[in-house]
Amino acid sequence: DTAVSQTPKYLVTQMGNDKSIKCEQNLGHDTMYWYKQDSKKFLKIMFSYNNKELIINETVPNRFSPKSPDKAHLNLHINSLELGDSAVYFCASSRAGTGGNYGYTFGSGTRLTVV
Amino acid sequence: AQSVTQLDSHVSVSEGTPVLLRCNYSSSYSPSLFWYVQHPNKGLQLLLKYTSAATLVKGINGFEAEFKKSETSFHLTKPSAHMSDAAEYFCVVSDRNSGGGADGLTFGKGTHLIIQP
């Protein structure tokens, strides 16, 4: 059973489109995250949610909007896609407030290519 | 504030020889430290973690790391490299006492490990 699953695995789309990436975890974790990995492999946190409440919102354009319908899901919606949004997006989860102690469980990533 | 520096962007070793991936960190509080591995086109897998227990931490696949507070280092080692170890390795820090809630991790820029046959 996949612990943190993301869909789709690959996403190719044109500039200006709106797209969503879905994430689900079956670990019973309370906290979920979105990370972005750029072309140089650098990983940076975008958002984190604790029990459906937004906790961390880094300096991300407001075209990116996370949605957490319940604590097992954290979706990422992106409006008006730009070339610079091309990256690999990772979803992750951890037990509440313990990501710093026990680390995260990551999904396998969504490779977004904007053309 | 926290940061992590991986001193080598690429490391190349021969199969069967030791591996050393270097990491230095800075943290305002007592840090938790992690090593993650990312194989090509795959997600991130936790190799090992340090969270204030024993300073020598053993992880999966024969990897281990030693937390040295005086040197602010958390280097990753393996006695004998295997071809399957070829991957990207990330050193990660978190300030455990920087506040509760959904804490974020700070990643290093990664070290690409190449294994020569």
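1. Description of the confidence of the model for chain A
Next, step 1: Looking at chain A, pLDDT values average 89 and 92% of them are 70 or higher.
Next, step 2: Across chain A, strand β3 (residues 19–25) of chain A holds the top mean pLDDT of 97, while helix α1 (residues 99–102) of chain A sits lowest at 61.

2. Examining the environment of A:A72
All names here are of chain A.
Next, step 1: Along the chain, A72 turns up in the loop between β7 (64–70) and β8 (73–78).
Next, step 2: Once the C-alpha coordinates of A72 and G28 are considered, the two residues, 44 residues apart in sequence, prove to be 7.1 Å apart.
Next, step 3: Those residues in contact with A72, other than ones at most four positions away along the chain, are C23, E24, Q25 and M32.

3. Here's the deal with the state of the cysteines
Next, step 1: Throughout the structure, instances matching the rule amount to two disulfides over all chains.
Next, step 2: Through a disulfide, A:C23 is tied to A:C91; the S-S separation comes to 1.8 Å. Taking the sign of the torsion about the S-S bond as the criterion, the disulfide between A:C23 and A:C91, at about -80°, is left-handed. With A:C23 in strand β3 and A:C91 in strand β9 (residues 87–94), the pair connects residues that are 68 residues apart, well separated along the chain. Neither residue differs from the other here; A:C23 and A:C91 are each classed as buried.
Next, step 3: Covalently, B:C23 is tied to B:C91 through a disulfide, its sulfur atoms 2.0 Å apart. Handedness of the B:C23-B:C91 disulfide follows from its S-S torsion of about -70°: it is left-handed.

4. A few points about the pattern of salt bridges
Next, step 1: A full pass over the atoms with the stated rule returns six salt bridges over all chains.
Next, step 2: Residues A:R63 and A:E82 are paired through a salt bridge, measuring 3.4 Å at the closest nitrogen-oxygen approach. Note that A:R63 is positioned in the loop between β6 (53–57) and β7 and A:E82 in the loop between β8 and β9, a separation of 19 residues in sequence.
Next, step 3: Note on A:R63: relative accessible area 13%, which makes it buried.
Next, step 4: The closest approach of N and O atoms between B:D8 and B:R22, which form a salt bridge, is 3.0 Å. With B:D8 in the loop between β1 (2–6) and β2 (10–14) and B:R22 in the loop between β3 (19–21) and β4 (23–27), this residue pair connects regions lying 14 residues apart in the sequence.
Next, step 5: Bridged by salt links that share partners, the residues A:R63, A:E82 and A:D85 form one connected network.

Rules used throughout
Residues numbered from 1 in each chain as written. Chains lettered and ligands numbered in written order. Predicted model: local features only at pLDDT ≥ 70, side-chain atom pairs only at ≥ 80, totals over all residues. Heavy atoms only, no water. pLDDT = per-residue confidence, 0-100. Helix = DSSP H or I, 4+ residues; strand = E, 2+ residues; numbered from the N terminus. Contact = heavy atoms within 4.5 Å. Disulfide = S-S within 2.5 Å. Buried < 20%, exposed > 50% of the residue type's maximum accessible area, 1.4 Å probe, protein only. Salt bridge = Lys/Arg side-chain N within 4 Å of Asp/Glu carboxyl O.

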